[in-house]
Amino acid sequence: MLKSRIKYNTASFVTSAPDISRLPADTGIEVAFAGRSNAGKSSALNTLTDQKLARTSKTPGRTQLINTFELDADKRLIDLPGYGFAKVPIEMKKKWQKSLGEYLQKRQSLKGIVVLMDIRHPLKDLDRDLIDWAVGSEIPVLALLTKADKLKQGARKAQVLQVRRELSSLDGDITVHAFSSLKGTGLLEVAKKLDEWFLGPIEAQAPESDEQPED
Ligand SMILES: Nc1nc2c(ncn2[C@@H]2O[C@H](COP(=O)(O)OP(=O)(O)OP(=O)(O)O)[C@@H](O)[C@H]2O)c(=O)[nH]1
Ligand SMILES: [Mg+2]
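All values derive from a computational prediction rather than experimental measurement.

Chemist: Could you give an account of the environment of Ala178, with specific residues and numbers?
Modeler: Among the structural elements, Ala178 can be located in strand β7 (residues 174-178). For the pair Ala178 and Glu70, spaced 108 residues apart in the sequence, the C-alpha separation amounts to 25 Å. Residue contacts for Ala178: discarding those within four places in its chain leaves Ile119, Leu145, Ala148, Arg156, Val160, Thr185 and Gly186.

Put into structure tokens, the structure is as follows:
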């Protein structure tokens, strides 16, 4: 079982919203999964929660709404529509980009962004824009290099180091890991980072209740 402070497998679906006005109340803490279409956002959410919560597809553009999953009354995971998919009709693209932009700019409860990028072609322009924006807005970023199972270990490590190097110049709160929904690579690292965003750093936790009080 996943050794994290939060039990991610208790997540349950709340709503699919076409725009931010239909989302649950903007309170508590929200962590959003963002990235190019087909990067593996929905698959990563399913792996983390050990459920088939989010719909996945071989066809890019599967997730077209802002899907919300609840861990408890004030902790949510968000599966965002992907960006950068050329084959979507222009009107549809405009609509998604508007709701995506609004979500990122207006959502007060957004406290962390998981940016998913295919490990074979990370840091495309729109990925960089998103990461730049998050750093400028002081929102921490967890960059996951997805489909890590597609590369051999050497190439995988080299990609992680390269992306870390490129992002270090931004001087933001950015963590980079390889990830595979298929193999579970990086899953514990994701859970621990989300624990930190939702609950604060581990040092800040109250002592275990079975500890003896000091006198
Ligand atoms: N080999 C491999 N394939 C993966 C992995 N994660 C996702 N995929 C595949 O990549 C495709 C897209 O996955 P999704 O999770 O639907 O991607 P998404 O980012 O949610 O896509 P949109 O909703 O269209 O933006 C599917 O065919 C998945 O099976 C992985 O870790 N390894
Ligand atoms: Mg999706």
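After that view of the structure, there is still more to cover.
Chemist: So what's going on with the sheet that holds strand β3 (residues 66-72)? Residues and values would help.
Modeler: Two strands in a sheet stick together by hydrogen bonds in their backbones, pointing the same way (parallel) or opposite ways (antiparallel). Spatial strand order, β1-β3-β4-β2-β5-β6-β7: seven strands in an open sheet with mixed pairing. Since the sheet does not close on itself, it has two edges, and those belong to β1 (12-17) and β7, each with one partner. Averaged over neighbouring strand pairs, the angle between their axes works out to 20° when direction is ignored. Most of the contacts of helix α4 (residues 153-168) go to β7, to which it runs at about 170°, and overall it touches β6 (141-146) and β7. Helix α5 (residues 187-199) rests against β2 (29-35), β4 (75-79), β5 (110-118), β6 and β7 of the sheet, and its axis sits at about 140° to β2.

Chemist: Could you give an account of the nonpolar core, with specific residues and numbers?
Modeler: One broad trend across soluble globular proteins is that nonpolar side chains are buried collectively. Ranked by internal contacts, the top residues of the largest apolar core, which has 47 residues, are Phe33, Val115, Ala143, Leu144 and Leu145. Ranked by residue count, the leading element in this core is β5, at six residues. Once residues within four sequence positions are removed from consideration, Ala143 is found in contact with Val115, Met117, Val163, Leu167, Ile174, Thr175 and Val176.

Chemist: Report on α5, specifying residues and quantitative values.
Modeler: In a regular helix each residue adds 1.5 Å, so 13 residues correspond to 18 Å; α5 covers 18 Å between its end C-alpha atoms and thus fits that length. Looking at the buried residues of α5, the elements they touch are β2, α1 (41-49), β4, β6 and β7.

Chemist: Can you break down unusual backbone geometry residue by residue, with the values?
Modeler: Notably, Asn38 is not glycine yet its phi reads approximately 75°, a positive angle. In this structure, Asn38 sits in the loop between β2 and α1. With a phi close to 60°, Lys147 is a non-glycine residue in the positive phi region. Along the chain, Lys147 falls in the loop between β6 and α4. Assessed through the 23 C-beta atoms surrounding it within 10 Å, Lys147 is described here as buried.

About the thresholds
Residues numbered from 1 in each chain as written. Chains lettered and ligands numbered in written order. Predicted model: local features only at pLDDT ≥ 70, side-chain atom pairs only at ≥ 80, totals over all residues. Helix = DSSP H or I, 4+ residues; strand = E, 2+ residues; numbered from the N terminus. Contact = placed C-beta atoms within 7 Å. Pairing = 2+ DSSP bridges. Axes fitted to C-alpha atoms, helices over the stretch in contact; angles between N-to-C directions. Core = buried A, V, L, I, M, F, W, Y, C linked by C-beta atoms within 7 Å. Buried ≥ 20, exposed ≤ 12 C-beta atoms within 10 Å, placed from the backbone. Expected span 1.5 Å × (residues − 1).

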